[in-house]
Amino acid sequence: MNSFQDIRNASLYEPRIELIKKQLESFLSVVDLEKNGEVVEVDGFRLKNLKDWLSPSACDPSEIFGYAGSRCNCDCIFCCNKGNPPSLALGNLRRPPAEEFEEMRTRLDYFFPKQGSCLFPSLGDIYEVMMHPHFLEVLQLLRQKSSKVFRITTNGESLTSEIISQLERLKPVYLYLSLNSVCPSRRTRLMKGKNPQVAIDSLPLLREAGIPYALVIVPWPVDSLCEMLDDLSNTVAYADHNDAHLVEVNLPGYSTYFSQEKLFDLEEVWVKVISIVRILRNSAICPIVVMPSIYEENLCKGRKNLPGIVGLVKNSPAARAGLKKGDQVLKIGSIVVSSRPQARDLLSVLQRSEIGEVSLTVEREGRSIELSVNLEDFCYPYSKEIDHHLGVIFMGTGLRLSYLESLRGVIDSYNAKHVLFLSSALVKPTFEQLLAESHLFGNLRIDIGVPQNSFFGGNIFMGDLLVVQDFIDFIREYLKGNGGKPDLIVIPSSPFSLGGWGRDLTGRVYLDIEREVGIPVELLECSTIFD
Amino acid sequence: MADYVFRYKLDSNKTPVFRDPLLEMIRAQLENILAVVIPVEGQREVKLDGFKLLRDRRTTHKIFPQEQESSDFFEERPL
């Protein structure tokens, strides 16, 4: 008999299972079940017909192979999984590999990309998928059902030439390679892996095999900031030399569960990392993005949400057409572009189209320049399957103007005059700018509040990591002020969007906010700020 | 090959909100279902916070146990 599933994961992705559990427990508190006149003691239940448990899905292959990521062969000092609060609805089952393989095989049997449905997910923390003994077997089975890109996050410890050859046969494959440092001793200090050189040596092998990759770096100040920044520069240079598709620099942070002590000054580290990245962009060919990119925008840009180009994928149609870092997109074809989401949407449509050529007008050093982009002119590391915007890399997703129209619609449906909108420290400056420029809100009073990430604590300040209790605590404090009671509270949907059931990361439903504070609460549909 | 079996454990020790086990059963069932659905009347969403037994329509029982003192949202409303 295989293991019990973790109900916490189900509560996030398929809360009807949690409902069944609670209803059964409720019944069993007042009745006994019996069979043939004898009381039957039950301690669990199982899903009967798995076809009944299909749910709509984009059927990304990681929805299957993600279950291979239950273990890790590194022990990164910055691993975010170490900072997960105990009540997070993302448990890790730690079952025998053979049992995990059985689950993945069954999930594959119910994986229907054409119909857009598969078994409900129940993924917990994901560690290193490539160290699972059945990982390649799963990918081979998966390739028979899906032609989509396998986007695999790996620490690179397993990326020998043999493994890369096997991945080559499974293309399209894209790797997020957490190299972190090109220096073997520093990488070992950071990640405590046994094969740093295997990961370091994999970059030219991936290029040879035609497998594009993003090189991921967490600049963690394990020693002096100076040493960290030097190493960041060296690692970016190595990635650039080996034709990385992208370098992704993930700004470091930690929850209170990771460390109750202050480990570093977040602002100092983030500002210095961004400063060095902005210098590196002048010399590197490959694009370098800093995550969360909206922090860089807030720090360095007066006006937000503009379609400025921060990088170009090497050998992409956009790079070959002569677009440059620092250009700002003005027109795509004949359409005037005013915001980053609009530019990204248009480029994405073009990328998927059969159009062979398009003109892009950009502003460069105060002048307007029109360039012709040949959509068929590209080679490695760019590819049509993997890229989305013809090789143009922007400073994150940006905020859609349509969110404001949706917000107005929500406010109208309540006939509200005083609205409390709960944002995040990162998004607030852009939201305020859009609000000030909009004519939609007339005489309405819209207060913008920023709840603290008390649940995660530490130096975490991401809106998408806020939970129901954080919102409740903020609203109660707000109500103690002299500003009066709002008619309506609006919260972006992204902290509750993981499973589509309005749950936060603890599995708690957002409806509890309204029940606790006694003011109507509505979610405003929006995407996460991560790209 | 047979499907992998998705199994879930039941817990037996729950702290009841009401002392009356049958009342608690109904309260818990309503609380649980209101975590996955929003009731409507016609097209209008209805926000429930309590219930009455058909045999005693004078007494309102709260569904959600965590109400705050400052809120009048979950007050019992006897006729």
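What you see is a predicted model, and the numbers here were worked out from it, not measured in a lab.

Draft legend 1. Up close: helix α1 (residues 21-33) of chain B. For α1 of chain B, built from 13 residues, the straight-helix expectation of 18 Å at 1.5 Å per residue is met to within 8% by its first-to-last C-alpha distance of 18 Å. Listed as buried for α1 of chain B are Leu23, Glu24, Met25, Arg27, Ala28, Gln29, Glu31 and Asn32 of chain B. Buried residues along α1 of chain B sit against α2 (15-28) of chain A together with β4 (50-53) and β5 (56-62) of chain B. The N-cap of α1 of chain B, judged by a side-chain oxygen 2.9 Å from the amide nitrogen of Leu22 of chain B a few residues on, is Asp20 of chain B.

Draft legend 2. Structural context of unusual backbone geometry. Residue and element names in this part refer to chain A. With an omega of 5 degrees, the peptide bond running from Lys171 to Pro172 counts as cis. Examined against the element boundaries, Pro172 turns out to sit in the loop between α6 (161-168) and β7 (173-178). Along the chain, Tyr380 connects to Pro381 via a cis peptide bond; the corresponding omega equals 10 degrees. Checked against the element boundaries, Pro381 lands in the loop between β15 (367-374) and β16 (392-394). Unlike most non-glycine residues, Asp243 shows phi in positive territory, near 60 degrees. The residue Asp243 is located in the loop between α9 (225-241) and β9 (246-250) in this model. Residue classification places Asp243 among the buried residues on the basis of a relative accessible area of 13%.

Draft legend 3. Spatial organisation of the side chain of Ser158 of chain A. With respect to the helices and strands, the residue Ser158 of chain A is situated in the loop between β6 (150-154) and α6. In this structure, Ser158 of chain A is in contact with Asn73, Met130, Met131, Ile163 and Val198 of chain A, ignoring residues within four places of it in sequence.

Draft legend 4. A look at the pairing of strand β8 (residues 213-217) of chain A. Residues and elements named next belong to chain A. Within β8, five of the five residues are buried, which leaves it mostly tucked inside the rest of the structure. Residues Tyr213, Leu215 and Ile217 point to one face of β8 and Ala214 and Val216 to the other, with burial holding for every one of them. Note that β7 and β8 share four bridges and pair parallel. Within β8, the position partnered with Leu177 by the bridge is Leu215.

Draft legend 5. Up close: the sheet that holds β15 of chain A. Residues and elements named next belong to chain A. Taken in spatial order, the four strands of this open sheet run β13-β12-β14-β15, and their pairing is antiparallel. Of all strands in the sheet, those bounded by a partner on one side alone are β13 (335-336) and β15. The pairing of strand β12 (residues 328-332) with strand β14 (residues 357-364) spans four bridges and is antiparallel. Opposite Ile332, over in β14, you have Leu360 as the bridge partner. Across the sheet, helix α13 (residues 340-352) lies against β12, β13 and β14, angled at about 55 degrees from β12, the strand it touches most.

Draft legend 6. Inspection of the environment of Lys428 of chain A at higher detail. As for its position among the elements, Lys428 of chain A is in helix α15 (residues 428-437). Expressed as a C-alpha distance, the spacing of Lys428 of chain A and Met291 of chain A, which sit 137 residues apart in the sequence, is 17 Å.

Draft legend 7. Inspection of the domain arrangement of chain A at higher detail. Residue and element names in this part refer to chain A. As assigned here, chain A comprises domain 1 (4-51), domain 2 (59-301), domain 3 (317-394) and domain 4 (402-524). A separation of 27 Å is found between the C-alpha centroids of domain 2 and domain 3. For the pairing of domain 2 and domain 3, the buried interface totals around 1100 Å² over both sides, and the portion due to carbon and sulfur atoms is 61%. In this structure, the salt-bridge partner of Glu297 is Arg340, at a minimum N-O distance of 2.8 Å. At the surface where domain 2 touches domain 3, the tally comes to six residue pairs in polar contact (both at pLDDT 80 or more). Of all the secondary structure elements, the ones that give two or more residues to the side of domain 2 that touches domain 3 are β7 and α8 (196-209). Of the residues assigned to the side of domain 2 that touches domain 3, the class counts are 14 nonpolar, two polar and five charged.

Draft legend 8. Region of interest: the interface of chain B and chain A. Listed per partner, the contact involves 30 residues of chain B and 47 residues of chain A. Between chain B and chain A lies a buried interface of about 3800 Å² when both sides are counted; carbon and sulfur atoms form 56% of it. Three residues, Tyr4, Arg7 and Tyr8 of chain B, lead the burial of chain B against chain A; their summed loss comes to 25% of the area buried on that side. Linking chain B with chain A are two salt bridges. For Lys47 of chain B, the salt bridge is made with Glu514 of chain A, and the minimal N-O distance between the two is 3.1 Å.

Draft legend 9. View of empty space enclosed by the protein. All names here are of chain A. Scanning the model with the defined rule gives six cavities of 30 Å³ or more in all. In this structure, the largest cavity occupies an estimated 280 Å³ of space. Put simply, the parts of the chain that give the lining of the largest cavity at least two residues each are α14 (402-414), β17 (418-422), α15 and β19 (488-492). Partitioning the lining of the largest cavity into residue classes produces 18 nonpolar, five polar and two charged.

Draft legend 10. Representation of a negative patch on the surface within the structure. Together, Asp32, Glu34, Glu38 and Glu41 of chain A make up a region of like negative charge exposed at the surface. The exposure class of Glu38 of chain A is exposed, given its relative accessible area of 56%.

Draft legend 11. Summary view of α9 of chain A. Residues and elements named next belong to chain A. For α9, spanning 17 residues, the distance from its first C-alpha to its last is 24 Å, which sits close to the expected 24 Å at 1.5 Å a residue. Those residues of α9 lying buried are Leu225, Met228, Leu229, Asp231, Leu232, Ser233, Thr235, Val236, Tyr238, Ala239 and Asp240. Against α7 (184-191), α8, β8, β9, α10 (266-283) and β10 (288-291) lie the buried residues of α9. Of the residues flanking the end of α9, it is Asp243, one or two places downstream, whose phi is positive at about 60 degrees.

Draft legend 12. Local environment of the packing of aromatic side chains. One pass over the full model with this rule turns up 21 aromatic pairs over all chains. When the ring of Tyr174 of chain A is compared with that of Tyr176 of chain A, the centres are 5.1 Å apart and the planes differ by 70 degrees; the resulting orientation is edge-to-face. Take Tyr174 of chain A: its relative accessible area is 2%, and that puts it in the buried class. When the ring of Tyr4 of chain B is compared with that of Phe6 of chain B, the centres are 5.2 Å apart and the planes differ by 85 degrees; the resulting orientation is edge-to-face. The same class applies to Tyr4 of chain B as to Phe6 of chain B, namely buried. Among the aromatic side chains, those forming a connected cluster through ring pairs are Phe78, Trp220, Tyr254, Phe258 and Phe264 of chain A. Cation over ring: Arg107 of chain A sits above Phe120 of chain A, and NZ or CZ is 5.8 Å from the ring centre. When the ring centre of Tyr174 of chain A is taken as reference, the NZ or CZ atom of Arg151 of chain A above it lies at 5.4 Å.

Calculation notes
Residue numbers run consecutively from 1 along every chain, following the written order of its sequence. Each chain gets a letter, beginning with A, and each ligand a number, beginning with 1, in the order they are written. Selection of residues for local features in this predicted model requires a pLDDT of at least 70, selection of side-chain atom pairs for listing and counting requires 80 or more, and totals for whole chains, interfaces and linings are taken over all residues. Remark: hydrogens and water are excluded; side-chain values derive from all non-hydrogen atoms of the structure. Only DSSP runs of H or I reaching four residues or more are called helices, and only runs of E reaching two or more are called strands; each is numbered from the N terminus. The span you would expect from a helix comes to 1.5 Å times its residue count less one. Throughout, exposure labels follow a simple rule: accessible area from a 1.4 Å probe, protein chains only, divided by the maximum for the residue type, with under 20% read as buried, over 50% as exposed, and the rest as partly exposed. Contact definition: two residues touch when any of their heavy atoms are within 4.5 Å. Definition of a polar contact: a pair of N or O atoms within 3.5 Å, with one able to donate and the other able to accept a hydrogen when the atoms are protein atoms, and with sequence-neighbouring residues admitted only if both atoms are side-chain atoms. Strand pairing requires that DSSP identify at least two bridges connecting the strands. Every axis in this analysis is a line fitted to C-alpha atoms, fitted for helices over the stretch in contact. Angles between the N-to-C directions lie between 0 and 180 degrees. Delimitation of the domains relies on an automatic or database domain assignment. Throughout, the accessible surface (probe 1.4 Å) given up by two parts as they are put together, summed over both, is called the buried area. Salt bridges are counted wherever a side-chain nitrogen of Lys or Arg sits within 4 Å of a carboxyl oxygen of Asp or Glu. Side-chain classes follow a simple rule in which Ala, Val, Leu, Ile, Met, Phe, Trp, Tyr, Cys and Pro form the nonpolar group, Asp, Glu, Lys and Arg form the charged group, and the remainder, Gly included, forms the polar group. In this analysis the probe radius is 1.4 Å and the grid spacing 1 Å, with only protein atoms considered; a cavity is a set of points the probe fits into but cannot get out of, a pocket is an open set with protein on both sides within 12 Å along at least five of seven lines, and lining residues have an atom within 4 Å of a point. Grid points are joined across faces, edges and corners, and a volume is the space filled by probe spheres set on the points. Only residues whose relative accessible area exceeds 30% and that form no salt bridge are eligible for patches; like-charged ones are grouped when within 9 Å, while nonpolar side chains (Val, Leu, Ile, Met, Phe, Trp, Tyr) are grouped when within 5 Å. Every accessible area reported is derived by Shrake-Rupley at a probe size of 1.4 Å, with residue values counting cover from the shown protein chains alone. Under the counting rule used here, the positive set is Lys and Arg, the negative set is Asp and Glu, and His together with the chain ends is not counted. Working definition for charges: the position is that of NZ of Lys, CZ of Arg, CG of Asp or CD of Glu. Geometry of aromatic contacts follows a simple scheme: Phe, Tyr and Trp rings, the Trp one being its six-membered ring, pair when their centres are within 6.5 Å, and the pair is stacked under 30 degrees between planes, edge-to-face over 60, tilted otherwise. Only Lys NZ and Arg CZ are tested; either one counts as a charge over a ring when it is within 6 Å of the ring centre and within 35 degrees of the ring normal.

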